[in-house]
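An overview of the molecular structure
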Amino acid sequence: MFKAAKAAIRGKFSVPRQRVVQAFAFLGGASGGYDKQIRPRWSRDEEIYLSRSYPKGTDVGFIAGLIGRPISAVRRKALRLGVHRPRSGRAAKAANALNAPPPPAHF
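A short tour of the structure in this document, coming up. Just so we're clear, the structure is a prediction, and the values are computed from it rather than from any experiment.

**Some points on the nonpolar core**
Core analysis: the biggest nonpolar cluster contains 11 residues, these being W42, L50, Y54, V60, I63, A64, I67, A73, V74, A78 and V83. Elements supplying a minimum of two residues to this core: helix 4 (60-67) and helix 5 (71-81). In terms of residue count, helix 4 provides more of this core than any other element does, 4 residues in total.

In structure tokens:
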């Protein structure tokens, strides 16, 4: 049954595609009834806003609400863009220690 459904979806059978997709969904499909929600692609403006505000420490929930996407999607996109949050706590102290200027020389 599944081979026939896949072939019909690809257009190799004369059965209308929508009817086959409906039958495939009725049977549970390959995903076991879980239909993945399709989200629109990120626009260039959204990416620019994320790349400018994420490193400044802007709350991720605020960014997600403004863009209209889940918090997890904002974090995942920032990771893919190579954008990092500012360091805090022990990591910030360690980074500042590595980047500290050398002590003044005594004569």
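After that view, the rundown keeps rolling.
**Structural notes on the side chain of R69**
Position of R69 relative to the elements: it lies in the loop between helix 4 and helix 5. A residue is classified by how much of its surface remains accessible, and R69, at 10% relative accessible area, is buried. Separated by 3.2 Å, the side chains of R69 and E46 make a polar contact.

**Notes on helix 3 (residues 44-53)**
Regarding helix 3, the residues found buried are E46, E47, L50 and S53. The buried side chains of helix 3 occupy one side of the element, clustering within an arc of 150° when seen end-on. Opposite the buried face of helix 3, at more than 90 degrees from it, the exposed residues are R44, D45 and R52. At its buried positions, helix 3 is contacted by helix 4 and helix 5.

How each quantity is defined
Residues numbered from 1 in each chain as written. Predicted model: local features only at pLDDT ≥ 70, side-chain atom pairs only at ≥ 80, totals over all residues. Heavy atoms only, no water. Core = buried A, V, L, I, M, F, W, Y, C linked by side-chain atoms within 4.5 Å. Buried < 20%, exposed > 50% of the residue type's maximum accessible area, 1.4 Å probe, protein only. Helix = DSSP H or I, 4+ residues; strand = E, 2+ residues; numbered from the N terminus. Polar contact = N/O pair within 3.5 Å; in protein donor to acceptor, adjacent residues only side chain to side chain. Arc of directions from axis to C-beta. Contact = heavy atoms within 4.5 Å.

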